[in-house]
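# Tertiary structure, described
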Amino acid sequence: MNSRLSAAAIGLLLMSGCAAPPVHFYTLGAPSVALNTTALNPTMPVVALDRITLPDYLDTQDMAVRSGNEIMRSANGRWAERLSEAATSLLAARLGESWPNTFVTTARQSSTPNARLSINVTRLDITQNGQGTLEADWTLVPADEHRDVSRARGIFTASGVTTTDGGNAALTERLFNALAQRIAHSIHP
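About the thresholds
Residues numbered from 1 in each chain as written. Predicted model: local features only at pLDDT ≥ 70, side-chain atom pairs only at ≥ 80, totals over all residues. Heavy atoms only, no water. Helix = DSSP H or I, 4+ residues; strand = E, 2+ residues; numbered from the N terminus. Buried < 20%, exposed > 50% of the residue type's maximum accessible area, 1.4 Å probe, protein only. Contact = heavy atoms within 4.5 Å. Areas by Shrake-Rupley, 256 points an atom, 1.4 Å probe, with all protein chains shown as cover. Salt bridge = Lys/Arg side-chain N within 4 Å of Asp/Glu carboxyl O. Pairing = 2+ DSSP bridges. Axes fitted to C-alpha atoms, helices over the stretch in contact; angles between N-to-C directions. Core = buried A, V, L, I, M, F, W, Y, C linked by side-chain atoms within 4.5 Å. Expected span 1.5 Å × (residues − 1).

### Focus: the overall build of the protein
- Each helix and strand in the protein was counted, giving three helices and eight strands.
- The helix and strand sequence of the protein, counted from the amino end, reads α-β-β-β-β-α-β-β-β-β-α.
- Across the 189 residues that make up the protein, the buried fraction comes to 37%.
- Restricting the contact set of the protein to residue pairs at least 6 apart, pairs at least 24 apart contribute 68%.
- For the protein, the accessible area works out to roughly 11,000 Å², and carbon and sulfur atoms hold 52% of it.

Here it is, written out as structure tokens:
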């Protein structure tokens with residue numbers, strides 16, 4: 001009987017030693033995305049922000065870094081939601097802060113918004129050696145056909161620690177914050 005208990009105890013110890021490290025989930029906008037606290041009123045212009053587009057291989061919950069032409073996915077780090085959803089929420093919050101007299105939303109509206117903003121990220125590289133590059137273009141289409149469509153593009157770079165998933169998340173957030181700042185200054189809803 002003692003040998004059975006000993007064997008079972010040893011088996012449990014061996015199995016517990018093989019357990020994988022826990023998975024950690026990361027968001028953009030830690031600890032939470034700031035919100036525009038300006039009171040809404042019925043005359044406030046509305047900008048509908050479409051979900052941003054990302055290259056397909058990045059629009060997942062997997063955190064990744066690039067090494068040359070190899071994409072290496074993190075064993076323990078995941079985005080809390082698809083990266084396009086997290087980035088869209090962050091950009092809506094940052095643009096709302098930059099445009100306090102405009103309601104920037106990602107939700108469907110029951111009425112036609114005053115403008116629709118589309119953002120296309122064509123490149124988002126976070127490298128093993130701590131370099132980050134984001135390339136994007138954006139278009140603001142006013143509902144009023146007599147107003148001009150605004151288009152712009154930009155390339156953003158930053159560096160940081162990418163040897164940890166937390167460092168990867170922080171660098172990614174810095175790149176999206178730079179994008180939001182450029183959009184806010186390049187177009188006026």
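### A short note on the pattern of salt bridges
- Under the counting rule described, the total for this entry stands at 10 salt bridges.
- The salt bridge partner of Asp-59 is Arg-51, with a shortest N-O separation of 3.8 Å.
- In this structure, the salt-bridge partner of Arg-66 is Asp-125, at a minimum N-O distance of 2.8 Å. One end of the pair, Arg-66, is in strand E3 (residues 62-67); the other, Asp-125, is in strand E6 (residues 115-126), and 59 residues separate them in sequence.

### Quick word on the sheet that holds strand E2 (residues 46-49)
- An order of E5-E2-E6-E7-E8 is seen for the five strands of this open sheet, with the pairing classed as mixed. Each of the sheet's edge strands pairs with one partner strand only, and the pair in question is strand E5 (103-105) and strand E8 (150-159). Averaged over all neighbouring strand pairs, the angle between strand axes comes to 20 degrees, with direction disregarded.
- In this sheet, E5 lies alongside E2 in parallel orientation, the contact comprising three bridges. Following the sheet pairing, Val-47 is matched in E5 by Val-104.
- Along the sheet, helix H3 (residues 165-186) makes contact with E6, strand E7 (131-142) and E8, crossing E8 at roughly 150 degrees.

### Observations concerning the sheet that holds strand E1 (residues 24-26)
- Strand order in the open sheet formed by three strands is E1-E4-E3, with mixed pairing between adjacent strands. For this open sheet the edge positions go to E1 and E3, each flanked by a neighbour on one side alone. Direction aside, neighbouring strands of the sheet carry axes that sit 55 degrees apart on average.
- When E1 meets strand E4 (residues 70-79), the two strands line up parallel, connected through three bridges. Paired with His-24 across the bridge in E4 is Gly-77.
- Against the sheet, H3 touches E1, E3 and E4, its axis set at about 105 degrees to E4.

### What about the nonpolar core?
- Among the nonpolar cores identified, the biggest contains 38 residues, and Leu-117, Leu-124, Phe-176 and Leu-179 are the most heavily contacted of them.
- Mapped by element, the contributors of at least two residues to this core are E2, E3, helix H2 (83-98), E6, E7 and H3.
- If one sorts the elements of this core by residue count, H3 sits on top with eight residues.
- Among all residues touching Leu-179, those that are not within four sequence positions of it are Leu-91, Ile-119, Leu-134, Ala-136, Trp-138 and Phe-156.

### Regarding H2
- Taking 1.5 Å per residue as the helical rise, H2 with its 16 residues ought to reach 22 Å, and the 22 Å between its terminal C-alpha atoms agrees with that figure.
- Extensive coverage of H2 is indicated by the burial of 12 of its 16 residues.
- Restricting attention to buried positions, one finds in H2 the residues Leu-83, Ser-84, Ala-86, Ala-87, Thr-88, Leu-90, Leu-91, Ala-92, Ala-93, Arg-94, Leu-95 and Gly-96.
- In this fold, the buried residues of H2 make contact with E2, E4, E5, E6 and H3.

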